[in-house]
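Architecture at a glance
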Amino acid sequence: PRALMTDNGAAETAAEVDSQIYSFLPKKFSRQWYEYYFGRAEFGFDADAAQKSISDPVVDFLSRGGKRWRPALMLLACEAVGGKKKTALPFTPIPELVHNGTIITDDVEDGSTLRRGKPALHIIYGVDIAVNAGNTLYFLPLLPLLKDKKLSAEKKVLIYELFISEMAKLSLGQGMDIFWHRGQRDVSEREYLQMCSFKTGSLARIAAGLLYFLRQFIED
């Protein structure tokens, strides 16, 4: 686990996580990818619209970097309890993609103009594209779980319960933060810490919680 905390280890982990992200979320969507995860289109399907409204802005955002510490937390937790890194690595895109989705949406809500050294996504692509792309990242990384044949329906339900519970807390924390930014009232230290636990802590709990379920279920 110590190797993950060095500069070289962090860079290596980020590269491994990015590799997992792009193995699932290709920079260029193919019809085969759409059909595998979404099923055959019942009517007409505009692949170009999907590419330009989801993949292009998301890839733009991901390419700007980021600490990738939530996936690193998942890998650290895995190794700390004697698990194998390869067990957790394929699932590291879940907390990382969701995190990026929250940032995209947060920039719209805060009226931010810059993110990671470039114009915020809604400045480049428009508010409508940015909001939809951000919201898509809340759900998209769960699709591989739907396709995973190693996990039973019962085990998937436990993972979904964890995910939904923590995502609800994340939205609650964000709502508190937004309200306070309007200067509606003074905030106590304990209230602020609770907001942080909801808003920031939720994805960390998802990363560690997913590791517990996935390691237990896949290695059993």
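Please refer to the structure placed before this passage.
Conventions and cut-offs
- Residues numbered from 1 in each chain as written.
- Predicted model: local features only at pLDDT ≥ 70, side-chain atom pairs only at ≥ 80, totals over all residues.
- Heavy atoms only, no water.
- Axes fitted to C-alpha atoms, helices over the stretch in contact; angles between N-to-C directions.
- Helix = DSSP H or I, 4+ residues; strand = E, 2+ residues; numbered from the N terminus.
- Parallel < 35°, antiparallel > 145°, perpendicular 65-115°, else oblique.
- Contact = heavy atoms within 4.5 Å.
- Nonpolar A, V, L, I, M, F, W, Y, C, P; charged D, E, K, R; others polar.
- Buried < 20%, exposed > 50% of the residue type's maximum accessible area, 1.4 Å probe, protein only.
- Lys, Arg positive; Asp, Glu negative; His and termini not counted.
- Salt bridge = Lys/Arg side-chain N within 4 Å of Asp/Glu carboxyl O.
- Polar contact = N/O pair within 3.5 Å; in protein donor to acceptor, adjacent residues only side chain to side chain.
- Phe/Tyr/Trp six-rings, centres within 6.5 Å; stacked < 30°, edge-to-face > 60°.
- Expected span 1.5 Å × (residues − 1).

The contact between helix α4 (residues 47–62) and helix α9 (residues 127–139) brings their axes to 9 Å, and the two run at 80°. With respect to α9, the element α4 is oriented roughly perpendicular. Residue-level inspection shows S53, I54, P57 and V58 of α4 in contact with α9, the latter providing I129, N132, A133, T136 and L137. Taken together, the residues of the contact of α4 with α9 sort by class into six nonpolar, three polar and no charged.

Assignment of secondary structure puts D148 in the loop between α10 (143–147) and α11 (153–181). Buried charge D148 goes without a salt bridge, the closest partner of opposite sign being K150 at 6.1 Å. A distance of 2.7 Å separates a polar side-chain atom of D148 from the backbone nitrogen of K150. Residue contacts for D148: discarding those within four places in its chain leaves F91 and K156.

Bringing the packing of aromatic side chains into the picture now. Applying the stated rule across the entire model yields 10 aromatic pairs. Here the aromatic rings of F29 and W33 are separated by 4.5 Å at their centres, their planes lie at 10°, and the arrangement is stacked. The pair F29 / W33 is uniform in exposure class, with both members buried. Seen in terms of ring centroids, Y36 and Y37 are 4.8 Å apart; in terms of plane orientation they differ by 85°. Their pairing is edge-to-face. Looking at Y36, the relative accessible area reads 44%, which means it is partly exposed. Take Y37: its relative accessible area is 18%, and that puts it in the buried class. The structure contains a cluster of three or more aromatic residues connected by ring pairs, namely F24, F29, W33, Y34, Y36, Y37, F38 and F45.

Once that is clear, we can look at helix α7 (residues 93–110). Compared with an ideal rise of 1.5 Å per residue, which puts 18 residues at 26 Å, α7 spans 25 Å between its outermost C-alpha atoms and is within 8% of the ideal. Within α7, 15 of the 18 residues are buried, which leaves the element mostly enclosed by the surrounding structure. Of the residues flanking the end of α7, it is G111, one or two places downstream, whose phi is positive at about 70°.

So, about the pattern of salt bridges. As enumerated under the stated definition, the model contains 11 salt bridges in all. Where D18 meets R68, a salt bridge forms, and the shortest distance between an N and an O atom there is 2.9 Å. Here the residue D18 occupies a position in helix α2 (residues 7–24), and R68 occupies one in the loop between α4 and α5 (69–80), the gap between them amounting to 50 residues. Residue classification places D18 among the partly exposed positions, given a relative accessible area of 22%. Relative accessible area serves as the criterion here: at 4%, R68 is assigned to the buried category. R68 serves as the salt-bridge partner of E96, at 3.0 Å between the closest nitrogen and oxygen. Pair noted here: E96 is in helix α7 and R68 is in the loop between α4 and α5, with a separation of 28 residues, a long-range link. Each member of the pair, E96 together with R68, is buried. One salt-bridge network, held together by shared partners, links D18, R68 and E96.

Remember, this is a structural readout, not a statement about activity or role.
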